[in-house]
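Each chain, written out:
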Amino acid sequence: MDSFPTLAFIGGGNMARSLIGGLVRTGLPATKIRVAEPVPALRYALAADFGVAVYADGPAAADGADVWVLAVKPQVMAQACTALADLAQTQRPLVVSIAAGMPSARIDGWLGGAQAVVRTMPNTPALLGAGATGLYANPAVDAERRAIAETLMKAAGLTVWIADEALMDAVTAVSGSGPAYVFLLAEALQAAGEAEGLPAEAAKALAVQTLVGAARMLGESGEDAATLRQRVTSPNGTTQAALEAFAAGGFHELVATAVAAAVRRGRELAAAG
Ligand SMILES: NC(=O)C1=CN([C@@H]2O[C@H](COP(=O)(O)OP(=O)(O)OC[C@H]3O[C@@H](n4cnc5c(N)ncnc54)[C@H](O)[C@@H]3O)[C@@H](O)[C@H]2O)C=CC1
Ligand SMILES: O=C(O)[C@@H]1CCC=N1
C-alpha cells in the first residue's frame, strides 16, 4: 500500500483506533496516517501504539492530506467540518465519514459544498480486519475515489456499497451497532450459565468460545444460519426446549424492535447534528 494516498483522521477515538489498527496491520505505512485528536492521552496512545503523526486540531492534520476520515461523534460533526471548510474549498480532498446518521449532504454543506463525500458505516471488529462496512458515495465521487474509499475500508474487512443513502441507517442498525448485540448475548449466556451453577470462569469460557465457534461456522461453512441451527436441534432435545422458550419470549420481534430503535436513533442523530 505504498502508493496509497495520505490519510487524516479527524477524531482519534474508539472507531478511528480500530480503523487505524486495521490499516497498519494490512501494511499501510504509519507515515501515511495523521490523526487530529484533542484529548492528549488518546493522541499520545495512538502515536505510541501505531507510530502515526498526531495533532491537537483538525486543520493541522488535514492540511495536505488526500483523504479526510471524519471520525468524530455526530454531535460535533458540524463544528469539526466548519473548521475545515476553508481547506476543503482549496484542497478538494476525498472526504470519508464514519458518523452514524449523518447525511452526506450535511457534511458537504458544512465543508462549503461541491465535496466528494463517501458516507460509511464500519464496526469495531475492524480492529481485527473482521469488520463489515456499508458505503455510500455522493455524486461528486468519481470511480478512482470510490476505489480509494473501498480500499481504505477493505483494510477493516468486508465492504458493501449501498446505492440509496436512506438505507445507511439500516446498515448502522444491523452491522454498525451489531457487535454490541453479540456481546450482549455473550453476557446473557454467561450469566445464565452462572445462574445454573457453573463457576464464573467456566461459564465465561464456554459462552465466549461458543459464540466464536458458531460465528466461524457461519462465515466458513457456506451454510445459512437456519441450516446450522437445525443441525444443533435434536427432535425433542435440549436445544428445541431452549428455542421454544426464545420463540415464546418473542425473540425475533425483540431483535426487530431493537434494530428499528437503532434506525430511529440514527435519524435523530442526523436531525440533532
Ligand atoms: N464505536 C463504534 O462501534 C462505531 C462508531 N461509529 C461512528 O464513529 C464516530 C466516532 O465514534 P467513536 O469512535 O465511538 O467515538 P469516540 O468518542 O471514541 O471518538 C470521537 C473522538 O473525536 C474527538 N473529537 C471531538 N471533537 C473533535 C474535533 N473537533 N476534532 C478532532 N477530534 C475531535 C474526541 O475527543 C474523541 O476522542 C461516530 O460518529 C460514530 O457514529 C461508526 C461505526 C461504529
Ligand atoms: O452507537 C453508535 O451510535 C455508534 C454507531 C454504530 C456503533 N456505534
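Given the structure is predicted, the values throughout are model-derived calculations rather than measurements. Residue positions are given per chain, counting from 1 as you read along its sequence in written order. Ligands are numbered from 1 and chains lettered from A, in the order in which they are written. Local features are withheld for residues below a pLDDT of 70 in this predicted model, meaning they are given only at 70 or higher, and side-chain atom pairs are given and counted only at 80 or more; totals for whole chains, interfaces and linings count all residues.

Here the focus is the environment of Thr-120. Each helix is a run of DSSP H or I of at least 4 residues and each strand a run of E of at least 2, with the numbering of both proceeding from the N terminus. When you line up the elements, Thr-120 lands in strand β6 (residues 116-121). Burial in this document is a count-based property: other C-beta atoms within 10 Å of a residue's C-beta are tallied, and the residue is buried at 20 or more, exposed at 12 or fewer, or partly exposed in between, with C-beta positions derived from the backbone. For Thr-120, a count of 26 C-beta atoms within 10 Å gives the class buried. Placed 24 residues apart in sequence, Thr-120 and Val-96 show a C-alpha to C-alpha distance of 6.9 Å. Thr-120 has contacts with Val-96, Ser-97, Ile-98, Thr-133, Gly-134, Leu-135 and Met-153, leaving out every residue within four places of it along the chain. By the convention adopted here, residues make contact when the C-beta atoms placed from their backbones lie within 7 Å.

Strand pairing within a sheet occurs via backbone hydrogen bonds; the two strands may be parallel or antiparallel. In spatial order, the strands read β3-β2-β1-β4-β5-β6-β7-β8; together these 8 strands make up an open sheet with mixed pairing. Edge positions in the open sheet fall to β3 (53-55) and β8 (157-161), since each of these has one partner strand only. For this sheet, the mean angle separating the axes of adjacent strands, direction not counted, is 25 degrees. When DSSP finds at least two bridges between two strands, those strands are taken to pair. Inspection of the sheet shows strand β1 (residues 7-10) paired to strand β2 (residues 33-36) by 4 bridges, in the parallel sense. Residue pairing in the sheet places Leu-7 in a bridge with Ile-33 of β2. The axes used here are C-alpha line fits, helices contributing only the stretch in contact, and every angle between their N-to-C directions lies in the interval 0 to 180 degrees. Running at roughly 165 degrees to strand β7 (residues 131-137), helix α7 (residues 143-154) makes contact with β4 (67-70), β5 (94-97), β6, β7 and β8 of the sheet.

What follows is about the domain arrangement of the chain. Size of an interface: often given as the accessible area lost when the parts come together. According to the domain assignment, the chain contains domain 1 (7-165) and domain 2 (178-270). What counts as a domain boundary in this text is fixed by an automatic or database domain assignment. Each of domain 1 and domain 2 has a C-alpha centre, and these two points are 32 Å apart. Its residues placed into classes, the side of domain 1 that touches domain 2 shows 5 nonpolar, 3 polar and no charged. Each residue gets one of three labels, nonpolar for Ala, Val, Leu, Ile, Met, Phe, Trp, Tyr, Cys and Pro, charged for Asp, Glu, Lys and Arg, and polar for the others, Gly among them.

Next up on the list: the packing of helix α9 (residues 178-195) against helix α10 (residues 200-220). For the pair α9 and α10, the least separation of the axes is 8 Å and the interaxial angle reads 140 degrees. By the angle between their directions, the pair α9 and α10 is classed as oblique. Crossing angle aside, the handedness with which α9 passes α10 is right-handed. On the side of α9, the interface is formed by Val-182, Leu-185, Ala-186, Leu-189, Gln-190, Gly-193 and Glu-194, while α10 contributes Ala-200, Ala-203, Lys-204, Leu-206, Ala-207, Val-208 and Leu-211. Partitioned by chemical class, the residues of the contact of α9 with α10 number 10 nonpolar, 2 polar and 2 charged. When describing relative orientation, an angle under 35 degrees is termed roughly parallel and one over 145 degrees roughly antiparallel, while 65 to 115 degrees is termed roughly perpendicular and anything else oblique. Put simply, a crossing is left-handed when the front helix is turned counterclockwise from the back one by less than a right angle, and right-handed when it is turned clockwise.

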